[in-house]
Amino acid sequence: MGDSLADWYPMQGVKYQGLYFDLISTQPRPGSGVAVSLGPTGPYRPQNSVERALMTTCATVSEALALLRARNYAGIMPGTQVLVVDRAGNAAVYTGKTDVFRTTPGFVVTNFWLDDPSLGGWPCERYDTAKTMIAWDASPSRDRVAQILRATSVVPPPGEIGGTQYTVACDLVEGLADVYVKADFTRRAQVELAPLWANGAERVLLTDLPFVPYAVP
């Protein structure tokens, strides 16, 4: 995010060992007492950011959680919880208080604190929809993930900004990712992650991806 490459910071990433993370915004906890210095479009993130460290030093959920705790990520980004998933099927959400671990076939995270829904954002219709769909069919396929993300995407009214900007369905075992933009599930770009990993850290503009017509079942 930011006006220049130097200001960009990772909000989501997949490492070659199969570690995945995603930042999920929430309201700062009451009394956090932490102020984040904001640039023109968001918080400035240095090149040695915690998010970058996740991708350069961690390979498993346990390692990622240990790093987030050691760096006090909740103090850096008080309104953010972090979803971490690894190739072995482990998944958890770092909250800065009590980490929440996956204990069922499906694991859903939306924009409220999983460890304390009373802080706001709950009940959440998107969360309930995803949980219902997973209870009906928890098939671990990219198409099933896309179906759930399609049902929970947010499309703003005409003339308004916001809503779902992009959607990624990753297969951490096969090293594949399906990408959709602007809640348009009629076109997708299928990205092979191995060539990107071979080149090291790389930024790819969504508009440059090879989108083709595709009908999510």
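Keep in mind the model is a prediction, meaning the values are calculated, not measured.

Conventions we followed
Residues numbered from 1 in each chain as written. Predicted model: local features only at pLDDT ≥ 70, side-chain atom pairs only at ≥ 80, totals over all residues. Heavy atoms only, no water. Pairing = 2+ DSSP bridges. Helix = DSSP H or I, 4+ residues; strand = E, 2+ residues; numbered from the N terminus. Contact = heavy atoms within 4.5 Å. Axes fitted to C-alpha atoms, helices over the stretch in contact; angles between N-to-C directions. Buried < 20%, exposed > 50% of the residue type's maximum accessible area, 1.4 Å probe, protein only. Arc of directions from axis to C-beta. Core = buried A, V, L, I, M, F, W, Y, C linked by side-chain atoms within 4.5 Å.

### Describing the sheet that holds strand 5 (residues 100-101)
The sheet built from five strands is open, its strands ordered 1-2-3-4-5 with antiparallel pairing. Of all strands in the sheet, those bounded by a partner on one side alone are strand 1 (12-14) and strand 5. Across four bridges, strand 3 (residues 80-85) lies against strand 4 (residues 91-94) in antiparallel orientation. Considered in strand 4, the bridge of L83 is made with V93. The strands that helix 1 (residues 50-57) touches are strand 1 and strand 2 (20-25); relative to strand 2, the one it contacts most, it runs at about 160 degrees. Lying on the sheet, helix 2 (residues 61-70) is in contact with strand 3, strand 4 and strand 5; it crosses strand 4 at an angle near 5 degrees.

### Digging into helix 2
Of all the positions in helix 2, only V61, A64, L65, L67 and L68 are classed as buried. Each buried residue of helix 2 lies within a common arc of 160 degrees when the element is viewed along its axis, so the set occupies one face. For helix 2, the exposed residues set more than 90 degrees away from the buried face come down to S62 and A70.

### Details of the environment of A64
When you line up the elements, A64 lands in helix 2. Looking at A64, the relative accessible area reads 0%, which means it is buried. Each C-alpha atom, one on A64 and one on L83, is 9.8 Å from the other, the two residues being 19 residues apart in sequence. Setting aside anything within four residues of it in sequence, one finds A64 in contact with L19, L54, C58 and V84.

### Description of the pairing of strand 6 (residues 166-171)
Two elements, strand 6 and strand 7 (residues 176-181), share six bridges in a ladder whose sense is antiparallel. The partner of D171 across the bridge, within strand 7, is L176. The antiparallel hairpin formed by strand 6 and strand 7 contains four residues in its connecting segment, where G175 sits at a positive phi of about 70 degrees.

### Considerations on the nonpolar core
Counting residues in each nonpolar core, the largest one holds 26 residues, and the members touching the most others are L83 and V179. Here the element with the most residues in this core is helix 4 (residues 125-136); it accounts for four residues. Those residues within four positions of L83 in sequence are excluded, and the remaining contacts are Y20, F21, D22, I24, A92, V93, F107 and V109. By size, the runner-up hydrophobic cluster in this structure holds 19 residues, among which are A53, C58, A64 and M77.

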